Amino acid sequence: MTFVERDGPGAETALARLQARLEREGTASRLLRSHDQADLRLLVVDGPAQLTDDDIENARVWRFVDAGPADPAARTPTAGGGTAP
């Protein structure tokens, strides 16, 4: 997942424009507004987003991947007796 955060005047417009482009490319996303800060917006993108320099200018971007397999049996045993993804 990719998270793109912007704040200030124009944040919603910029993220809505990015959301529209990503949707045209077949990538789903949701645009959220902050409950606590009036001009703070967060675009939550399903999967990795192809972002341009313009997309990330004045934005904070985080990219996350699954922490490990959903099936505990698929995890690899570690030397300490635990398991690792």
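Here's a quick rundown of the structure. (Residues numbered from 1 in each chain as written. Predicted model: local features only at pLDDT ≥ 70, side-chain atom pairs only at ≥ 80, totals over all residues. Heavy atoms only, no water.)

Remarks on the environment of Asp-55
Part 1: In this structure, Asp-55 sits in helix 2 (residues 53-56).
Part 2: Its relative accessible area of 13% is what places Asp-55 among the buried residues.
Part 3: Placed 40 residues apart in sequence, Asp-55 and Leu-15 show a C-alpha to C-alpha distance of 8.2 Å.
Part 4: If we skip the residues at most four places from it in the chain, Asp-55 touches Val-4, Arg-6, Leu-18, Arg-21 and Gln-50.
Part 5: Polar side-chain contacts of Asp-55 include one of 3.1 Å to the side chain of Arg-21. (Helix = DSSP H or I, 4+ residues; strand = E, 2+ residues; numbered from the N terminus. Buried < 20%, exposed > 50% of the residue type's maximum accessible area, 1.4 Å probe, protein only. Contact = heavy atoms within 4.5 Å. Polar contact = N/O pair within 3.5 Å; in protein donor to acceptor, adjacent residues only side chain to side chain.)

Side note on the environment of Leu-22
Part 1: In this fold, Leu-22 is placed in helix 1 (residues 11-24).
Part 2: Judged by its relative accessible area of 1%, Leu-22 falls in the buried class.
Part 3: For the pair Leu-22 and Leu-51, spaced 29 residues apart in sequence, the C-alpha separation works out to 9.2 Å.
Part 4: Those residues in contact with Leu-22, other than ones at most four positions away along the chain, are Thr-27, Leu-43, Val-45, Ala-49 and Gln-50.

Honestly, it's all geometry; don't read function into it.
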